[in-house]
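# Survey of secondary and tertiary structure
Here is how the chains run, residue by residue.
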Amino acid sequence: MIAEKPIPPGKNQRRCRAAEKDDMTQDRQDRQFVDALARGLAILECLSRAERAMGNGDIARHVELAPSTVSRLTHTLTELGYLRRSEHGRTYELTPKNLTLGYPLLIGMALRDRVRPHLEDICERSGQTLALAIRDDLHMCFVDVAQGSAPRAIRLATGGRLRMAVSAAGIATVAAMSERLRWSTLNRLRGDILQREENAQIFEQALEACHRLGYAMVRNAWQEGIGGIAVPIFWQGTLATLSMPVATNEVSAQRMHNELAPALLAAADAIGRAAINAPE
């Protein structure tokens, strides 16, 4: 039997680097292709198929990248919250944050079908933009949008996000949370407001008013000239909000209270309005 010739140290790394170079040369033929993004996603896909936590070496072998490249990518993904180190600190596993990438799609088909006719109806009658929003950590994500026809209607993008502390959708969501979740979320929101050196009184007053009125309303909190109304809904285990952004220099507070909020409340009742829990 002929013994296999030993592989010199570092040869595997050189092969990986050569493969990376070939890939990069091929990728450069498409100037729109972002090679670093593709490599990061390859690591997430690799870990999603793994039955256990994996170290940089194992990941490098599976995705055919140099260990040094994998080390930088896993560090970045950890800093962004998509990976976490295992208890021993030498391997990585996915975090629940990865679910947020597909969550709007998963809930979209059923919940959007349920809500869409109401969005379109209010949009047609009011001329304002309507949106279905769900929580994404300390942000609200707009998973469906019906664009308003009014000349000054605020435009929203499906998939866009807005901070909870400055949005009617976020305040309505906090008001409808269970006591324990509301307590922990409020602590984080207040800490974020403090860190940003913003006026916490605006948020606290809007939250208190939401508990009294059954809907959240903000004016010029996120940006001068923009406000919004939101009502929480609860359908098949999902807490979401019906949200309407408005131009505050075109839509008065009186109209928001007397016309637009009742329309949202009626739609929420038809879908399933979430209970506004008593404040702490």
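Structural data are supplied above this passage.
This write-up is about the structure you can find in this document. From a predicted model like this one, the values you see are computed outputs, not experimental measurements. (Residues numbered from 1 in each chain as written. Predicted model: local features only at pLDDT ≥ 70, side-chain atom pairs only at ≥ 80, totals over all residues. Heavy atoms only, no water.)

Looking only at helices and strands, the protein has nine helices and eight strands in total. Here the protein holds 280 residues, and 44% of them are scored as buried. Here the contacts in the protein between residues at least 6 apart in sequence split such that 56% fall between residues at least 24 apart. Of the accessible surface of the protein, which amounts to about 16300 Å², a share of 52% is contributed by carbon and sulfur atoms. (Helix = DSSP H or I, 4+ residues; strand = E, 2+ residues; numbered from the N terminus. Buried < 20%, exposed > 50% of the residue type's maximum accessible area, 1.4 Å probe, protein only. Contact = heavy atoms within 4.5 Å. Areas by Shrake-Rupley, 256 points an atom, 1.4 Å probe, with all protein chains shown as cover.)

Moving on, we come to the sheet that holds strand β4 (residues 139-146). An order of β5-β4-β3-β8-β7-β6 is seen for the six strands of this open sheet, with the pairing classed as antiparallel. Since the sheet does not close on itself, it has two edges, and those belong to β5 (161-163) and β6 (216-219), each with one partner. Strand-to-strand twist in this sheet, taken as the mean axis angle between neighbours without regard to direction, amounts to 30 degrees. Looking at chain direction, strand β7 (residues 226-235) and strand β8 (residues 238-247) are connected through 10 bridges and run antiparallel. Its bridge partner lying in β8, Val231 is registered against Leu242. (Pairing = 2+ DSSP bridges. Axes fitted to C-alpha atoms, helices over the stretch in contact; angles between N-to-C directions.)

Side chains three or four residues apart in an α-helix point the same way, a direct result of the helix having 3.6 residues per turn. Among the residues of helix α3 (residues 56-63), Asn56, Ile59, Ala60 and Val63 are the ones counted as buried. Down the axis, α3 shows its buried residues gathered within 100 degrees of arc, on one side only. In α3, the exposed positions that point more than 90 degrees away from the buried face belong to Arg61 and His62. Each element contacted by the buried residues of α3 is listed here: α2 (35-49), α4 (67-80) and β2 (92-94). Positioned one or two residues after α3, Glu64 has a phi angle of 60 degrees, which is positive. (Arc of directions from axis to C-beta.)

Pairing analysis gives four bridges linking β6 to β7, with the strands arranged antiparallel. If you follow Ala216 over to β7, its bridge partner there is Ala230. Linking two consecutive strands that pair antiparallel, namely β6 and β7, is a turn of six residues; a positive phi of about 60 degrees is found at Asn220 within it.

Take the environment of His75 next. Its place among the elements puts His75 in helix α4. By relative accessible area, which is 45% here, His75 ends up partly exposed. Here the alpha-carbon distance between His75 and Tyr92, two residues 17 residues apart in the chain, equals 9.8 Å.

Below, the discussion takes up the pairing of strand β3 (residues 130-136). Burial analysis of β3 places six of its seven residues in the buried class, which makes it a mostly covered element. With seven bridges joining them, β3 and β4 adopt antiparallel strand pairing. When the bridges of β4 are listed, Ile134 appears paired with Cys141. Here β3 folds back onto β4, and the loop between the two strands holds two residues, one of which, Asp137, carries a positive phi near 60 degrees. By the bridge criterion, four bridges tie β3 to β8 in an arrangement that is antiparallel.

On their own, these measurements won't tell you what the molecule is for.
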